[in-house]
Structure formats: C-alpha cells, structure tokens
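# Coordinate inspection notes
Here is what each chain is made of, one letter per residue.
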Amino acid sequence: MTNGKSDHSQSSDKSRAQGSPTKDFFVRMITRDITLADCIMDLVDNAVDGARRTAKVEGRKNNVDYLKGFFVEINPTGSQLSVNDNCGGISLSDAINYAFHFGRKKDAPRDVETSIGLYGIGMKRAIFKIGRHASIESVTNTKGEHFTVIVDVDSWERKSEDWDFDIDESVTSTTVGTRITIDKIYASISSAFVDQSFINGLIKTMARDYAFILKRGFEIRVRTEDGIKLVPKYDYKLKKDSDFSPGIIAYMDEGVHVRIICGIANDLPNEIPDELRQEKAEYSGWYVICNDRVVVAGDKTDLTVWGNNDFPGWHPQYNGFAGFLFMSSEEDASKLPWKTTKREVDTSDLHYQRAITHMKSLTRQFIDYTNARKGDPETAKKKESQAASVSITEFKHEQVSMRLPSVNAKVSKEKTIQISFSKPIEKVKKAADAMGDFSLSAREVGSKAFDYFYNLEVEDK
C-alpha cells in the first residue's frame, strides 16, 4: 500500500486486458452455422440488390417485371466458383467505405428499397466458407468507377492488426457488373461442386427461395455439366372459383407491410423437370417471405403455427394447404424478422408474433374444412380437382374472407352402439395431437381411434 493506493490499482492504470478477436476465430465463427448453398445464395442476394438499385435509377421500379434483363450466372467447378452478374456493379466509394467492412456501419447509406442484403457479411462469409483466395472485380456505368480487390485469406490472417483489403483501380473487363471468383477451394467444397445432386439441389432451393424475385423478370443461370440451366420459376397458385377463395389479410405494422394469404395449393407447372420439382406434400405448409426473399418454406412446425401454443400440429390430412406470410419494409430491412442466414425467423420479433395470430385464424378455417370433408371426401376431391387456380401474385385485394365449399356428411343407415371407456387425460391429449388437432374432444379421439383400428385391422384384411 503506497499513499493510500494499492499496487494493483497503480498497475491497472497502466495495463489493459486485450479483447479483440483473432481473425481465425472470426472466420470460423461466421461460417460455422451456414450451409454452402446459403453462402452461394448470399452472393445472389447481392446481385438482386444491385439489380433493384439499377432499376430504380432507370425509373422502372413500378413495372411488374422491373428486373427483366438482369441476371446472375453461377459457375461451380472442381477448382473454383465464379459468380458474375450484370446488375450495376459496386461504386468505388461504397467499395472503399462499406462493401468490404465486416458488418453494416452505422453511417452506411440506406440501401436500395426492399433490400435483402442486410448485415454486411454475406460476401466475406461466402469467400471464407468456400476457399482461401478470391478476386472481386466491379465495373459501373459511372465513368471511372471500376476496381479489383484480391482477398488472400492466408496473407490477410497473418496481418493480425490490419483488417482492410487493398483496392486496385483497374479491371480486365469493361462489362458493367460484378465478377467474383473464389479459388483455392476446400476439398469438401470441390467435391460438392462436381456432384450433380448438389447442383440440382441448389437449383431447386433457389427456385423456391427466389420464386417471387424471378417472377419480376430476374434470371439465375447455373452452369452445369450439361450446359447453362435457368433456375425455373415456381409460380405458386391457389384454388379460386365459386367454391374456393384464399383468405387474405393485409395491414401496416410500424413500418412493416404485412400481407397474409392462404388456401388450397395447386400443383407446380408441368414444364418443370422432375428433379427440380417440389411435390405438393413438400411445398404444403407456411412460407415466410421477407422483401420477396423466401426465408422459411413449407413449414409444418411450431416455428409458424403448427403445434404453436396448443394450436393443432401438422397432420398429413392438411397436405395441399399453403400459406404465405409476406413482410416487407422499404425504409429499414432490419425491421423484418430474419436472421443472418436468411433461413430462420426471429420468433420473438413483435411484428412476427402479431402476424402469427392472424395466420392461426386463417389456418383454423382450413383445418375445420379438412375435418368436415372426411364426411364426403369424394365430393370434396371432385370440387378441388375441378377448381381453377390463380397465381398468388394476382390476388391484389387487401382483405378477403376464405371461401371453402360446404361438405355434408353422408347419413349412415347402419345400426350403431355407444362405446364408452376411460383413459388417462394426458394420453388422450397426446393422441389428439398425433391426429393433427389438439382441440379434439375425448369422444372424437375415441371415434378416430376406432376408425383407425377398424380400417387397418378389419377392412385391410
């Protein structure tokens, strides 16, 4: 103790505990929880935002197909990945101040309206996930706006205190757009790129997740062993005629436009190849779409409504149901409930929680219909097969009540007898949940259980 101060106090005035991350740790952490396909789609997201930005400058943002003419081409090989687009390029000032920064800076200018690039890590994360070396080349329409950035991960990691990348204001091409080439790729990535099943899966996923962006005229091209393939356009349709009409709810919620639409889905167009199709059972369920980018697809869990707080869980009898929650924000994409991988939603988000309430209301109407249709399934199936279908993008109304046909149960002339027995309440509740409707009464559970046994053990034999 000296002059009333401890030696520890004097030492603390001179020293600081280091808290900065190592680059190796940072790289491993931001790539840990994202798939290879989602990293590639991060690069596509950047191209889409570039196309939207250019379309706005050109004054065609209000056109239905305002992204027509813009494309991104993906070329995966055993030695590298190249992603090239014609979507306007990156301005030199953005490259210097923002594009290569890890995370979105507070002073970053507001990006294009309804952007899908949000967190400022997508391009860097994709590079780190795929390989150890990359070249990013950009040319814009503005005179003199061109540059090349080389990302040599090994060299960059050795410079522990320097997180920046050198910009070379020269390019090998004069074509407007951005060209990203990643090489020195990892062995596991190389194996995936020469595996046609992975490529088909990637194309199928992009067809689903960019369905509403492709509808605007945007093209995604993938070079395969059979040449360039266009990612097909999934045109989701719902039944609509005198018996059927999807339910629609739309409202503004603190700067977020919410639009919910659901009903009975139709099959995808026949021209889509079998290996790239979604079966109806696969695309049944709830979709969550943020700024036209599908974040959750065909969900049948409590992430959306199924089994959420005692709401009925998913059951195969609901196959054919399709619900779409569209959430968009022109001013601030961070208000939307998506996470960095764009593969999950933040279920604690208040905008999302309020939307779930409306989603449950619409879903309940469909569940009631599927329960009723068991009384006369032949009539219901006939009406469903004959009903016309309309693309969900064609429904312009803000509020529409769901319309489903009334189904009258056939009156049985068989003599009946009352069956009564007791079972533990918890088991009855679990049985009801397994039957697809948590709210079933004990009597209904018993009746369904008898029908199940009779059909399986008596009629089948």
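Remember, predicted model here, so these are calculated numbers, not experimental data. (Residues numbered from 1 in each chain as written. Predicted model: local features only at pLDDT ≥ 70, side-chain atom pairs only at ≥ 80, totals over all residues. Heavy atoms only, no water.)

### Overview of the overall build of the chain
Worth spelling out the cut-off: For helices the rule is a DSSP run of H or I covering at least 4 residues; for strands it is a run of E covering at least 2, with both sets numbered from the N terminus onward. Remark: exposure states derive from per-residue accessible area (1.4 Å probe, protein chains only) relative to the maximum for the residue type, with buried under 20%, exposed over 50%, and partly exposed in between. The contact rule is simple, with two residues in contact once any of their heavy atoms fall within 4.5 Å. Using a 1.4 Å probe, accessible areas were evaluated by the Shrake-Rupley method; residue-level cover was limited to the displayed protein chains.
When helices and strands are counted, the chain shows 14 helices and 15 strands. In the chain, which comprises 461 residues, the share counted as buried stands at 47%. Within the chain, contacts between residues at least 6 apart in sequence are counted, and of these 71% link residues at least 24 apart. Counting only carbon and sulfur atoms, one obtains 49% of the accessible surface of the chain, whose full area is about 24100 Å².

### Concerning the pairing of strand S13 (residues 293-299)
Where we set the bar: At least two bridges found by DSSP between two strands is the condition for calling them paired.
With respect to burial, S13 is a largely interior element, six of its seven residues being buried. As defined by bridge partners, strand S12 (residues 285-290) adjoins S13 across four bridges and the pair is classed as antiparallel. Residue Val288 lies in a different strand from S13, and its bridge partner there is Val296. In this structure, the hairpin formed by S12 and S13 is closed by a connection of two residues, where Asn291 is found at a positive phi of approximately 50 degrees.

### A look at the nonpolar core
Put simply, the rule reads: Only buried Ala, Val, Leu, Ile, Met, Phe, Trp, Tyr and Cys residues count toward a nonpolar core, and they belong to the same one when joined by side-chain atoms within 4.5 Å.
Within the largest apolar cluster, 79 residues are counted, with the highest numbers of intra-cluster contacts made by Met206, Phe218, Ile220 and Phe324. In terms of residue count, helix H3 (residues 36-57) provides more of this core than any other element does, eleven residues in total. If we ignore the near neighbours within four places in the chain, the residues touching Ile220 are Val44, Val72, Ile74, Met206, Tyr210, Leu214, Lys229, Leu230 and Val231.

### Some thoughts on the pattern of salt bridges
For clarity, the cut-off: Within this document, salt bridges are pairs made up of a side-chain nitrogen of Lys or Arg and a carboxyl oxygen of Asp or Glu, the two lying within 4 Å of each other.
For the structure shown, the criterion picks out 22 salt bridges. Residues Asp209 and Arg293 are paired through a salt bridge, measuring 3.9 Å at the closest nitrogen-oxygen approach. Here Asp209 is found in helix H8 (residues 196-209), whereas its partner Arg293 is found in strand S13, with 84 residues between them in sequence. The exposure class assigned to Asp209 is buried, which follows from its relative accessible area of 0%. Accessibility expressed as a relative area gives 0% for Arg293, which makes it buried. For Arg354, the salt bridge identified is with Asp253, shortest N-O distance 2.8 Å. Of the two residues, Arg354 sits in helix H11 (residues 350-373) while Asp253 sits in strand S10 (residues 247-253), which places them 101 residues apart along the sequence. The class for Arg354 is partly exposed, based on a relative accessible area of 34%.

### Some details on the environment of Arg443
If you trace the backbone, Arg443 turns up in helix H14 (residues 442-459). Separated by 23 residues in sequence, Arg443 and Ser420 place their C-alpha atoms 8.7 Å apart.

### Overview of the environment of Gln365
Along the chain, Gln365 turns up in helix H11. Expressed as a C-alpha distance, the spacing of Gln365 and Gly247, which sit 118 residues apart in the sequence, is 9.2 Å. Non-local contacts of Gln365, meaning those with residues more than four positions away in its chain, are made with Met402 and Leu404.

### Remarks on H8
Under the convention used in this document: Each helix should span, by expectation, one fewer than its residue count multiplied by 1.5 Å.
In this model, H8 (14 residues) spans 20 Å end to end at C-alpha, consistent with the 20 Å of a helix rising 1.5 Å per residue. Counting buried residues along H8, ten of its 14 residues qualify, which places the element largely inside the surrounding structure. Along H8, the residues that are buried comprise Gln196, Phe198, Ile199, Asn200, Leu202, Ile203, Met206, Ala207, Arg208 and Asp209.

### Quick word on unusual backbone geometry
With the exception of glycine, the majority of residues adopt a negative phi angle, and the majority of peptide bonds are in the trans configuration. A positive phi angle, near 50 degrees, is found at Lys184, a position not held by glycine. Within the fold, Lys184 resides in strand S6 (residues 177-185). Within the chain, Asp292 stands out as a residue other than glycine whose phi angle is a positive 75 degrees.

### A few points about the packing of aromatic side chains
Formally: Ring pairs shown here join Phe, Tyr and Trp side chains whose ring centres sit within 6.5 Å, with only the six-membered ring taken for Trp; geometry is labelled stacked below 30 degrees between planes, edge-to-face above 60, and tilted in between.
Under the criterion given, the structure shown has 21 aromatic pairs. Ring centres of Trp314 and Tyr318 lie 5.7 Å apart, and the angle between their planes is 80 degrees; on these two criteria the pair is classed as edge-to-face. Here Tyr318 falls in the buried class, since its relative accessible area comes to 0%. Judged by centre distance (5.0 Å) and plane angle (55 degrees), the ring pair of Phe321 and Phe366 falls under tilted. Of the two residues, Phe321 is situated in strand S14 (residues 321-328) and Phe366 in helix H11; the sequence distance between them amounts to 45 residues. Classification of Phe321 as buried rests on a relative accessible area of 0%. Connected via pairs of aromatic rings, a cluster forms that spans Phe212, Tyr234, Tyr236, Tyr283, Tyr287, Phe324 and Phe326.

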